[in-house]
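The lines below spell out each chain.
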Amino acid sequence: MANKVIYVMYDDDGVLKDGAKKLVSKGIKIADAFSPFPIHGIDPIIGVKNTRLGIMAFIYGLTGLTLATVGMRYFMIVDWPMNIGGKPNFTYLDNILSFIPITFEFTVLCAAHGMAITYLLKNRTLPGMPAQNPDPRTTDDKFVLEIRTADNSIDEKELDELIKDTGYIEIDKKNI
Amino acid sequence: MEFEITKKAKRNTLLIAGGGLLLTLIGIITNFEDHHFMTRFMASGLINAFYFFAIGLGALFFLALAYATETGWYASIKRVIEAVAGFLPYGIGLFGTVLLAITMMDGAHLYSWMDPEVVAHDEMIEGKSAYLNKPFFWIRTIIYFTVYLIFLNGFRKRSLEEDKIGGTELHFKNYRRGALFLVFFAVFSSTSSWDWLMSIDVHWFSTLFGWYTFAGMWCTTMVVLILVTLHLKKHGYLEKVNESHIHDLGKWTFATSFLWSYLWFSQFMLIWYANIGEEVSYYQMRIENYQILYFAMFVINFAFPMLILMSRDAKRHAGILTFVGLIILAGHWLDVYIMVSGGSLGSTATIGALEIGMALLVMGGFIWVILRNLTKSPLTPVNHPFLDESIHHEI
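The structure displayed is predicted, hence computed values, not measured ones.

(A) Broad picture of the interface of chain B and chain A. Contacts between the two partners involve five residues from chain B, matched on the other side by six residues from chain A. Within the side of chain B that touches chain A, the residues separate by chemical class into four nonpolar, no polar and one charged.

(B) Inspection of the pairing of strand E6 (residues 170-175) of chain A at higher detail. Residue and element names in this part refer to chain A. Little of E6 sits out of view: just zero of its six residues are buried. For strand E1 (residues 4-10) and E6, the ladder comprises six bridges, and the chain directions are antiparallel. Note that in E6 the partner of isoleucine 6 across the bridge is lysine 173.

(C) Quick peek at the packing of helix H8 (residues 169-196) of chain B against helix H9 (residues 209-234) of chain B. Residues and elements named next belong to chain B. Two numbers describe how H8 lies on H9: the axes approach to 8 Å, and their chain directions differ by 100°. In terms of their interaxial angle, H8 and H9 are classed as roughly perpendicular. Where H8 abuts H9, its residues Ser189, Ser190, Ser193 and Trp194 lie against Phe209, Gly210, Thr213 and Phe214. A class-by-class count of the residues in the contact of H8 with H9 yields three nonpolar, five polar and no charged.

(D) Spotlight on the domain arrangement of chain A. Partitioning chain A into structural domains gives domain 1 (4-49 + 131-175) and domain 2 (53-122). On a C-alpha basis, the centroid separation for the pair domain 1 of chain A and domain 2 of chain A is 45 Å.

(E) Structural context of the sheet that holds strand E5 (residues 143-148) of chain A. All names here are of chain A. Overall, antiparallel pairing links the four strands, which are arranged E2-E5-E1-E6 in an open sheet. Bordering the open sheet on either side are strand E2 (32-34) and E6, each of which pairs with just one other strand. Geometrically, the sheet is characterised by an average inter-axis angle of 20° between neighbouring strands, direction not taken into account. Both E1 and E5 contribute to a ladder of six bridges, which runs antiparallel. Along E5, the bridge assignment pairs valine 8 with leucine 145.

(F) Just the pairing of E5(A), in detail. One ladder, built from three bridges, connects E2(A) with E5(A); its direction is antiparallel. By the bridge assignment for E5(A), A:Asp32 is matched with A:Glu146.

(G) Quick peek at helix H10 (residues 243-274) of chain B. Residues and elements named next belong to chain B. Relative to the 46 Å expected for 32 residues at 1.5 Å per residue, H10 spans 46 Å between its end C-alpha atoms, a close match to the ideal helical length. Looking only at H10, the buried set comprises His245, Ile246, His247, Leu249, Gly250, Trp252, Thr253, Phe254, Thr256, Ser257 and Trp260. Looking at the buried side of H10, the elements it contacts are H9, helix H11 (277-308) and helix H12 (318-344).

(H) Inspection of the confidence of the model for chain B at higher detail. The predicted model of chain B averages 93 in pLDDT, with 100% of residues at 70 or higher. In the model output, the complex is listed with pTM 0.90 alongside ipTM 0.79.

(I) Inspection of the environment of B:Phe32 at higher detail. Residue and element names in this part refer to chain B. Along the chain, phenylalanine 32 falls in the loop between helix H1 (7-31) and helix H2 (37-68). By C-beta crowding, phenylalanine 32 is classed as exposed, having 10 other C-beta atoms within 10 Å. Here the alpha-carbon distance between phenylalanine 32 and isoleucine 5, two residues 27 residues apart in the chain, equals 38 Å.

Criteria and cut-off values
- Residues numbered from 1 in each chain as written.
- Chains lettered and ligands numbered in written order.
- Predicted model: local features only at pLDDT ≥ 70, side-chain atom pairs only at ≥ 80, totals over all residues.
- Contact = placed C-beta atoms within 7 Å.
- Nonpolar A, V, L, I, M, F, W, Y, C, P; charged D, E, K, R; others polar.
- Buried ≥ 20, exposed ≤ 12 C-beta atoms within 10 Å, placed from the backbone.
- Helix = DSSP H or I, 4+ residues; strand = E, 2+ residues; numbered from the N terminus.
- Pairing = 2+ DSSP bridges.
- Axes fitted to C-alpha atoms, helices over the stretch in contact; angles between N-to-C directions.
- Parallel < 35°, antiparallel > 145°, perpendicular 65-115°, else oblique.
- Domains from an automatic or database assignment.
- Expected span 1.5 Å × (residues − 1).
- pLDDT = per-residue confidence, 0-100.

Next up, the structure:
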């Protein structure tokens, strides 16, 4: 039997949420949900894991902090000691106060850009990349649940029966 | 559900206050002969009266902020905020008494601008005497207190009325009054901290000082709100408050800690960089006399909340929040302690039985007033228009 992916479309996020709850309670595994806006509370229902973007943000921030410190120490103290506003910079530690704002800014810059680029890469939504959503209408006012037969041991006919109860408006099946 | 103070809470509050009273008496007896005793006694009174008064004021500010911004999530902990804000009349009573005593003693070496002899021999203070003089100081103080009390009474009255009649009319009135309070508070939070705290270092000035004091006050308020909410949750009240509310309060603590650290650093760095004699004196004095305490206080109030409260799980964990919260409370108390003692006692300042005793004594009273306030009304408002949103709060 060929593996299939089933796209079940709804016209209301509440109906989609209730439908997903019903399907999950019957032991169906839902692969993904597509929506024009974040649906509150859908993550725990369909079992989306907590994002690890925060951990990456922390690592990017640490990178920025280190880069800024190493860089400024080299530019301002080692390579060419600078004297600005009567603050001789012969040691980094004694003048650390004047370096903190830049360190802070660079930490934020690295964390923010790193996070944004990671997010776009992971979702494959960098500018110019082909769209990932199954139907362009999910960017407007429709909501889609994606169910893969490969994830579920249940018979396809039984699956159809279960999906029928959830109040969808359209269903689309594709062989993969 | 009506709140009842548990026997254990009653006993512990009594123990804190009793221990505080005992320590205060020991402190008075052992130091009475000391040359600086009166200054130290009044400084200690000022520190503790201001610290706890400010927590009540912070709660009033947070309530007004929530009204003015039409916040939804806070509705189910609104009574907790009101209970903490309800300490304000007592705080004002205590703080007003301390200020009055200091005024009667011509400043007690705290407000040296109140001492006519000092002013006569000091050109700089004389130049400031149009603003810093006893009558005008009291006019301002009374205006602050009156405005705060009027708004507090209004909010509380309308909140209880809303429970009975519902509707949105009271809500929109609260919305307008909340915004109006913020207008007053924007000015008062700065000027009042100049009057009450900055004028201790009378030769020194900083335009940032008001925000700095205010940020510390806001942070302690958020910690107190968390601790009271957790106490109520632990005893089975506030069943509508879920992890997300606790998480939000944790976020506020995290954010206001950063706000405070940011302002502390901004003030410190600019003055350090410009290196102008009349400005650096404030820090020179503090670094000479309180080097370890001063920087330890900064590390406690900055690094602890930053590193520990950064992760999402920590902000939802009652034990971690309580642990960090208590440390922050102590840290901000030290902040106020150094603000007041630095300019008045200088190198002779110590934290002994007197300071700790008074802090515990006022804390006992503070906890007792909050617990009593909680018993006076249902713990969850009945007709708040955003109650439904708050119950379904999920982040």
